[in-house]
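The residues making up each chain are set out below.
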Amino acid sequence: MTEMLSKADLEARLREIGRTRYHSNHPFQIMLQEGRLSKPQVQAWALNRYYYQSMIPVKDAHILARLGSVELRREWRERIIDHDGTETERGGIVKWIALAEGVGLDRDYVMSGKGILPATRFSVDAYVNFVRDRTLLEAIASSLTELFSPNVIGVRTKGMLEHYDFITPETLAYFDKRPVQAKRDSDFALTYCLENARRPEEQQAVIDALTFKCQVLWTQLDALHHAYVEPRHLPFDAWAPDAAQATKAA
Ligand SMILES: O=C(O)c1cc(C(=O)O)c2c(n1)C(=O)C(=O)c1cc(C(=O)O)[nH]c1-2
């Protein structure tokens with residue numbers, strides 16, 4: 001890109017990436033929300049996504065350490081609090097464990113990280129490393145997928161409650177606060193990126209960071225689909241639906 005885009009044009013480019021590349025378009029996501037997955041396939045999703053959830057505050061701590069003002073740090077630290085919680089309020093990580101238990105997985109097994117797909121680990125670690133190693137602008141831009149998450153969370157939650165008899169509102173409590181938090185966080189990140197991408201190369205870096213992050217999310221669903229839907233090639237050491245240690249005794 002050689003031309004400088006207006007802020008409105010850069011925002012339009014970012015929204016177009018979300019429209020085409022966000023994981024809301026992934027076949028596994030569509031099967032999940034349409035009730036076309038079996039219980040073990042939903043369990044595999046919950047188990048693997050725990051690793052993503054557990055690493056979000058770690059990647060946000062990398063960003064926090066690089067923010068140069070009290071105001072920016074105060075804003076960003078909310079993300080870590082949302083996931084880690086406080087003495088009085090459950091955070092997202094604890095709520096995700098409850099979700100995993102709610103679909104019948106054993107909490108210690110989920111927290112151990114054993115049995116997740118290698119591609120889950122590789123893509124989540126790639127996200128954390130990207131945020132650690134790239135510029136602050138790219139690190140912040142890589143969170144912009146959250147511009148698109150309120151919509152997919154709404155569709156997914158509604159669909160799961162409608163279609164699966166083993167899913168209750170309590171199980172999905174993780175998602176209750178996410179749309180509001182995601183809107184607050186992504187509005188802030190978008191404003192930051194639009195204001196701080198002051199050269200064409202920086203604008204391109206923002207676009208590339210969002211594209212990369214869409215790939216991080218997409219790869220996780222590709223891996224689930226490959227292992228648990230079609231062709232069911234289970235990698236060595238991955239959780240198998242009948243693995244006794246992973247599911248609660250009835
Ligand atoms: O349910 C979803 O589809 C979804 C998507 C995303 C996202 O777009 O990265 C996040 C979340 N959920 C989420 O719960 C969350 O805490 C979160 C943090 C981040 C981030 O990159 O900082 N993305 C997401």
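Residues numbered from 1 in each chain as written. Predicted model: local features only at pLDDT ≥ 70, side-chain atom pairs only at ≥ 80, totals over all residues.

The name that an unreviewed UniProt entry assigns to the protein is Pyrroloquinoline-quinone synthase, with the source organism given as Fulvimarina endophytica. Of the protein, the UniProt comment under Function (unreviewed entry) reads exactly: "Ring cyclization and eight-electron oxidation of 3a-(2-amino-2-carboxyethyl)-4,5-dioxo-4,5,6,7,8,9-hexahydroquinoline-7,9-dicarboxylic-acid to PQQ." Recorded in UniProt under Sequence similarities (unreviewed entry), the annotation for the protein is "Belongs to the PqqC family." (UniProt positions renumbered as here; feature names shortened; annotations may be inferred.)

Neighbouring the ligand are the residues Ile56, Gly92, Ser143, Thr145, Glu146, Ser149, Val152, Ile153, Arg178 and Leu217. Residue contributions to the shell around the ligand peak at three residues, all from helix α9 (residues 149-163). Split into classes, the residues belonging to the shell around the ligand amount to four nonpolar, four polar and two charged. (Near = placed C-beta within 6 Å. Helix = DSSP H or I, 4+ residues; strand = E, 2+ residues; numbered from the N terminus. Nonpolar A, V, L, I, M, F, W, Y, C, P; charged D, E, K, R; others polar.)

This next bit is on unusual backbone geometry. Across the junction of Glu230 and Pro231, the peptide omega takes the value 5°, indicating a cis bond. Along the chain, the position of Pro231 falls in the segment after α11 (200-229). The phi torsion at Arg232 lies on the positive side, around 60°, for a residue other than glycine. Inspection of the secondary structure assignment puts Arg232 in the segment after α11. Its 9 C-beta neighbours within 10 Å are what place Arg232 among the exposed residues. Phi angles above zero are rare outside glycine, and Asp237 is one such case at about 70°. Mapping Asp237 onto the fold places it in the segment after α11. (Buried ≥ 20, exposed ≤ 12 C-beta atoms within 10 Å, placed from the backbone.)

Here we take up the packing of helix α3 (residues 39-64) against helix α5 (residues 92-102). Two elements in contact, α3 and α5, have axes whose closest approach is 10 Å; the angle formed by their N-to-C orientations is 175°. Between α3 and α5, the crossing angle belongs to the class labelled roughly antiparallel. Contacts between α3 and α5 involve Ala46, Leu47, Tyr50, Gln53 and Ser54 from the first element and Gly92, Ile93, Trp96, Leu99 and Ala100 from the second. The residue inventory of the contact of α3 with α5, partitioned by class, reads seven nonpolar, three polar and no charged. (Axes fitted to C-alpha atoms, helices over the stretch in contact; angles between N-to-C directions. Parallel < 35°, antiparallel > 145°, perpendicular 65-115°, else oblique. Contact = placed C-beta atoms within 7 Å.)

Let us now look at the environment of Phe122. Note on placement: Phe122 falls in helix α7 (residues 118-133). Judged by the 14 C-beta atoms lying within 10 Å of it, Phe122 is partly exposed. In the structure, Phe122 is positioned 109 residues away from Pro231 in sequence and 21 Å away in space, judged by C-alpha atoms.

Within this numbering scheme, the UniProt entry marks residues 12-222 as carrying the feature "domain: Thiaminase-2/PQQC" (unreviewed entry). Annotated as residues 12-222, this span is 73% helix and 0% strand, and its ends, taken at the C-alpha atoms, are 27 Å apart.

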